[in-house]
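# Commentary on secondary and tertiary structure
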Amino acid sequence: MTDIRAEVARRRTFAIISHPDAGKTTLTEKLLLYGGALQLAGSVTARKSQSASASDWMELERKRGISVSSTVLQFDYEGRRINLLDTPGHKDFSEDTYRVLTAVDAAVMVIDAGKGIESQTRKLFEVCRLRGIPILTFMNKLDRPTRDLLGLVDEIESALQIHAFPVNWPMGTGDRFRGVYDRRTREAHLYERTARGAYKAPVQVAGIEDPAVKETLDADSYHHFVEQLALLDAAGPAFDRADALKGGTTPVFFGSAVNNFGVQLLLEALLEYAPAPTPRRAGAAGVDPARESFSGFVFKIQGNMDPKHRDRVAFVRVCSGRFSRDLPVTHSRTGKTFRLANAHKIFGREREIVEEAYAGDVIGLVGYSDFDIGDTLSEDPSVVYDEIPRFAPECFAFLFNPNPAKYKPFAKGLEQMLREGVVRVLRPLEAADAKSTLLCAVGPLQFEVAQYRMQSEYGVESRLESAAWTLARWVGPKTPRGVLDAVGLPMKCARVRDEEGAEMILFPTPWSLQYLGEKHPEIELLRLPPP
């Protein structure tokens, strides 16, 4: 019989987070290349003559050159089972990224060395901090002009309030970038570029005093490199692996994802510094990942990944036990029993049948229309996870069907977008606003994705009219009953209910929110939905 604890111990499940254009999807491709999952690395903005990115499967992603959906990529490397979750970098898709971060045990934070920490990086880091997720940092684009390297490390510590330990250090920057020096092994890794970085970069390992190192770097770069190393060794404390696993220290790695410099060192560090799956909370109890009974939760729904079959995939993070094909489980929200016969391992758009999986793995359940984001599936009905966060929307729009003859496919397409969490729907309490569908989202680009997919996947046009609201707050349970019916809301505010039936107030400006709070402090206004 398989040793469940041994299987759990060899799992590593992580996401890659960054600000847009920091190189997140490129790094994803290169980790797959070095992990043996790809023979030829593509690019998210690949030309037609090049291969397309494995992680960006949606046609809209290839047209726009951005990631707009999260993708699960699984491969084996040096005896470990790696589950890599690629996430959208664009701020408009933050909510999808937040949900994905509930399913991982670690994260890789990608920073553009020419720009430093940017707004979306900071926001995603805070989500990781709230969840206690350990973070490894990859300082990318060393082959381009960079900011002061020591200053970048200081910025991580001051801006994010986390200890940063450079595990390796770049040898030169910009067009003088030749490799990285591993401070633990005291070895220099000298790289050679390959055409478009499509293949693994040839590497030569040598000591810092080796003539090959001095010959590779010009005199100024070598002197600067040795000087910075001396400063790091003199000023910085020794690396604390235990603190890194707890999220108190971020190991920092330097490189160039596009040229494959430093990628393998990062992949090997993930095996060492990213934790195996840890216990998850289910109510007041902690669930041991190595327990016998299976449990997991749905963190993502994706429809029409295969346009030939119009199927629906529920992505499940396995939290405990052993999953096996045809396993009977209880669905927490309905209490129904389902036999999980149609489970797949997902690699971008490709898939294969899963016979077994363990805590840390992500499986795609195909064709289960009852499953929604946040649902728990478990052999033990008493285990129910509450992992999926909800955030106040910031963008609002009315959606219209311009062709009444296509009512059914329009309704079906909209229902799918809602179940995937691409957009959300609100129900206005005023009858005048209830004649059309009021949608909300974290960012406006989510509306564009919903319209595009309804057209491409369901063949229906839609018309969108922006609404004037910019903020939303939930009405908290401390608000006296009937008070909202008695007071007058600021001009152009509106009362609505969310999909769960909780009441919200929509505000056109921050001033109107502040005004209501000052005039009526008895009204409790919450950024997060009430428990």
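Check the entry above for the structure.
### Considering the pattern of salt bridges
Considering all chains together, one arrives at 32 salt bridges under this definition. With its nearest N and O atoms 3.0 Å apart, the salt bridge here joins Arg-184 to Asp-182. Residue classification places Arg-184 among the partly exposed residues on the basis of a relative accessible area of 38%. Classification of Asp-182 as buried rests on a relative accessible area of 4%. A salt bridge links Asp-370 to Lys-336, with the shortest nitrogen-to-oxygen separation between them at 3.5 Å. Separated by 34 residues along the polypeptide, Asp-370 in the loop between strand S22 (362-366) and strand S23 (376-378) and Lys-336 in the loop between strand S17 (327-331) and strand S18 (337-340) bring together distant segments of the chain.

### Details of empty space enclosed by the protein
According to the stated counting rule, one finds two cavities of 30 Å³ or more in the structure shown. Size it by volume and the second largest cavity reaches roughly 100 Å³. Residue lining of the second largest cavity: 13 residues in total, with Phe-391, Pro-393, Arg-424, Cys-440 and Trp-474 positioned closest to the centre. Sorting the residues of the lining of the second largest cavity by element identifies strand S25 (424-428) and strand S26 (437-441) as the ones contributing at least two each. Considering every element that reaches the lining of the second largest cavity, the biggest residue donor is S25, with three residues.

### Points about the sheet that holds strand S9 (residues 187-191)
Spatial ordering of the open sheet is given by S7-S8-S9-S10, a layout of four strands whose pairing is antiparallel. Two strands bound the open sheet, and with one partner strand each, they are strand S7 (168-171) and strand S10 (203-206). Here the strands of the sheet are splayed against their neighbours by 25 degrees on average, with no regard to which way each runs. Relative to strand S8 (residues 179-182), S7 runs antiparallel, the two being bridged by four bridges. Across the sheet, the residue bridging to Met-171 is Gly-179, located in S8. Across the face of the sheet, helix H8 (residues 219-235) comes into contact with S7 and S8 while running at roughly 165 degrees to S7.

The rules behind the values
- Residues numbered from 1 in each chain as written.
- Predicted model: local features only at pLDDT ≥ 70, side-chain atom pairs only at ≥ 80, totals over all residues.
- Heavy atoms only, no water.
- Salt bridge = Lys/Arg side-chain N within 4 Å of Asp/Glu carboxyl O.
- Buried < 20%, exposed > 50% of the residue type's maximum accessible area, 1.4 Å probe, protein only.
- Helix = DSSP H or I, 4+ residues; strand = E, 2+ residues; numbered from the N terminus.
- 1 Å grid on protein atoms, 1.4 Å probe; cavity = no way out; pocket = protein on both sides within 12 Å on 5 of 7 lines; lining within 4 Å.
- Points joined across faces, edges and corners; volume = space filled by probe spheres on them.
- Pairing = 2+ DSSP bridges.
- Axes fitted to C-alpha atoms, helices over the stretch in contact; angles between N-to-C directions.
- Contact = heavy atoms within 4.5 Å.

Any link to function would need more than the numbers given here.
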